[in-house]
Amino acid sequence: MDQMSPDNINGVILAVSSSIFIGSSFIIKKKGLKKAGASGVRAGEGGYGYLKEPWWWAGMITMIVGEVANFAAYAFAPAILVTPLGALSIIFSAVLAHFILQEKLHMFGILGCILCVVGSTTIVLHAPHEQKIESVKQIWQLAIEPGFLVYSAVIVVVVAILIFYYEPRYGKTHMIVYVGICSLMGSLTVMSVKAVAIAIKLTFSGTNQFKYFNTWIFILVVATCCLLQINYLNKALDTFNTAVISPVYYVMFTTFTIIASMIMFKDWASQSGLKIATQLCGFVTILSGTFLLHKTKDMGNSVGGSGRGSVSMPTRDTPVFTNSGSGRSSSSDKVAS
């Protein structure tokens with residue numbers, strides 16, 4: 001294992017701080033969404049009453065602070081190092097949901113959190129060093145290479161299909177629709193965020209990058225993608241269990257971000273097969289942790305129900321990839337509880 005560079009260390013510190021703020025924002029925003037839904041049309045049904053809720057705005061401010069720290073992290077470290085640390089926001093969110101929203105976390109959920117930490121640590125310790133970028137034009141050249149153009153086109157087409165076909169039909173019963181939109185667009189957001197962050201870093205170093213039109217195109221992409229993600233993430237939070245949204249969103253977002261970074265920045269080009277395999281093992285460990293969090297999300301509420309401390313499997317599950325037949329009532333009950 002190579003010694004971590006100063007830039008990578010700065011990126012890790014910023015990414016960890018970001019995860020703490022973002023994990024908290026999920027819970028604060030959920031409280032605002034629940035209060036707004038109790039007195040008006042819920043966000044999951046197209047309502048925007050949450051815009052009048054102080055709790056929701058407090059959550060937004062917390063998320064913005066976390067995103068700013070995350071934004072800065074991408075200026076120092078590669079995406080394959082920064083993005084997996086989002087697992088810490090899952091843990092923080094799940095623990096706060098347990099104590100504040102009474103969305104109980106089972107002992108297997110705790111094990112899932114530990115697996116997320118172990119997997120993230122493995123990736124961090126074997127992550128590649130940041131490339132030497134001297135101009136935003138270098139990033140632009142990477143972005144217009146055929147491989148990344150094809151990837152971007154596929155993402156845009158899939159997102160359009162999800163929004164215009166699947167969301168009206170299955171959005172309220174299949175969490176994968178909302179989370180899929182956010183995750184797919186998120187991979188493009190991260191690539192553009194990294195470009196803008198590097199542009200700001202170079203500008204502060206004395207080389208103005210905002211005189212290039214490329215920088216402003218990246219800024220436009222960031223703004224557009226972020227607005228889209230915020231809208232559909234609100235719908236997901238209002239419709240489904242927070243303890244489930246966080247890990248599933250993390251897994252999908254991280255997967256597509258790593259793929260995008262691998263295609264655009266070629267992060268693994270200078271690494272040995274052993275290091276790449278180790279990072280993949282770390283990522284599989286994270287997937288195992290998030291799987292545990294998902295499958296045991298309702299077990300915490302079953303513990304102690306019979307007075308003997310027994311654990312019963314949930315009779316209803318939040319549908320993710322397929323329709324369970326009772327998904328609509330299940331999701332409504334979760335919001336009302």
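Nothing here was measured: the structure is a model prediction, and the numbers come from that model.

The rules behind the values
- Residues numbered from 1 in each chain as written.
- Predicted model: local features only at pLDDT ≥ 70, side-chain atom pairs only at ≥ 80, totals over all residues.
- Heavy atoms only, no water.
- Helix = DSSP H or I, 4+ residues; strand = E, 2+ residues; numbered from the N terminus.
- Contact = heavy atoms within 4.5 Å.
- Areas by Shrake-Rupley, 256 points an atom, 1.4 Å probe, with all protein chains shown as cover.
- Phe/Tyr/Trp six-rings, centres within 6.5 Å; stacked < 30°, edge-to-face > 60°.
- Buried < 20%, exposed > 50% of the residue type's maximum accessible area, 1.4 Å probe, protein only.
- Patch = residues over 30% accessible without salt bridge, like charges linked within 9 Å, V, L, I, M, F, W, Y side chains within 5 Å.
- Salt bridge = Lys/Arg side-chain N within 4 Å of Asp/Glu carboxyl O.
- Axes fitted to C-alpha atoms, helices over the stretch in contact; angles between N-to-C directions.
- Parallel < 35°, antiparallel > 145°, perpendicular 65-115°, else oblique.
- Left-handed = near helix turned anticlockwise from the far one by under 90°.
- Nonpolar A, V, L, I, M, F, W, Y, C, P; charged D, E, K, R; others polar.
- Core = buried A, V, L, I, M, F, W, Y, C linked by side-chain atoms within 4.5 Å.
- Domains from an automatic or database assignment.
- pLDDT = per-residue confidence, 0-100.

On a plain count of helices and strands, the protein chain comes out with 13 helices and zero strands. Counting from the amino terminus, helix and strand elements in the protein chain follow one another as α-α-α-α-α-α-α-α-α-α-α-α-α. If you take every contact in the protein chain between residues at least 6 apart in sequence, the share linking residues at least 24 apart comes to 81%. Carbon and sulfur atoms form 69% of the exposed surface of the protein chain, whose accessible area is close to 15100 Å².

This next bit is on the environment of Ile263. Mapped onto the elements of the fold, Ile263 is located in helix α10 (residues 242-264). Along the primary structure Ile263 and Glu145 are separated by 118 residues, whereas in three dimensions their C-alpha atoms are 9.3 Å apart. Ignoring anything within four residues of it in the chain, the contact list for Ile263 reads Gly147, Phe148 and Tyr151.

By the definition in use, this model includes ten aromatic pairs. Aromatic pair Tyr166 and Tyr170: ring centres 5.9 Å apart, planes at 35°, arrangement tilted. Note that Tyr166 and Tyr170 are positioned in helix α7 (residues 146-170) at a spacing of four residues, about one turn of the helix. Taking the relative accessible area as the measure of exposure, Tyr166 reaches 34% and is therefore partly exposed. Relative to Tyr232, the ring of Tyr178 lies with its centre 6.3 Å away and its plane at 35°, an arrangement referred to as tilted. Of this pair, Tyr178 sits in helix α8 (residues 175-204) while Tyr232 sits in helix α9 (residues 213-239), and the two are 54 residues apart along the sequence.

Attention now goes to a nonpolar patch on the surface. A cluster of nonpolar side chains, Met107, Phe108, Ile110, Leu111, Ile114 and Val118, forms an exposed patch at the surface whose accessible area comes to about 550 Å². Here Ile110 lies in helix α5 (residues 107-125).

Structurally, Thr62 is set in helix α2 (residues 54-76). Looking at Thr62, the relative accessible area reads 16%, which means it is buried. Residues in contact with Thr62, not counting those within four places in the same chain, are Phe21, Ser24, Ser25 and Ile28.

The next subject is the packing of helix α6 (residues 136-143) against α9. α9 packs onto α6 with a crossing angle of 60° between their chain directions and a minimal axis gap of 9 Å. What the angle tells us is that α6 and α9 run oblique. Classified by chirality, the crossing of α9 by α6 is left-handed. Touching Val136, Lys137, Ile139, Trp140 and Ala143 of α6 are Phe213, Asn214, Thr215, Ile217 and Phe218, all from α9. Within the contact of α6 with α9, the residues separate by chemical class into seven nonpolar, two polar and one charged.

Take the nonpolar core next. Core analysis: the biggest nonpolar cluster contains 66 residues, and Ile139, Phe148, Met191 and Met264 have the highest contact counts within it. Those elements giving two or more residues to this core turn out to be α1 (6-39), α2, α3 (79-82), α6, α7, α8, α9 and α10. Of the residues forming this core, the biggest block, 18 residues, is contributed by α8. There are two domains that each give this core at least three residues, and those are domain 1 (1-104) and domain 2 (130-270). Once you skip the residues sitting within four places of it in the chain, Met191 turns out to touch Ala79, Phe148, Thr257, Ala260, Ser261, Met264 and Phe265.

This next bit is on the confidence of the model for the protein chain. Here the protein chain averages 81 in pLDDT, and 86% of its residues register 70 or above. Here helix α13 (residues 327-336) stands out as the element of the protein chain with the lowest mean pLDDT, 38, in contrast to α7, whose mean of 95 is the highest.

Across all of its chains, the model carries three salt bridges by this definition. Notably, a salt bridge pairs Glu145 with Lys266, separated by 2.7 Å at the nearest N-O pair. Here Glu145, found in the loop between α6 and α7, pairs with Lys266, found in the loop between α10 and α11 (273-295); they are 121 residues apart in sequence, far enough to count as distant. The partly exposed category is assigned to Glu145, whose relative accessible area is 31%. Glu167 is the partner of Lys235 in a salt bridge, and the nearest nitrogen-oxygen pair spans 3.6 Å. Highlighted residues: Lys235 in helix α9 and Glu167 in helix α7, separated in sequence by 68 residues. Residue Lys235 shares its accessibility class with Glu167, and that shared class is buried.

On to the environment of Gly47. Inspection of the secondary structure puts Gly47 in the loop between α1 and α2. Dropping the residues within four chain positions of it, Gly47 is found in contact with Val41 and Arg42.

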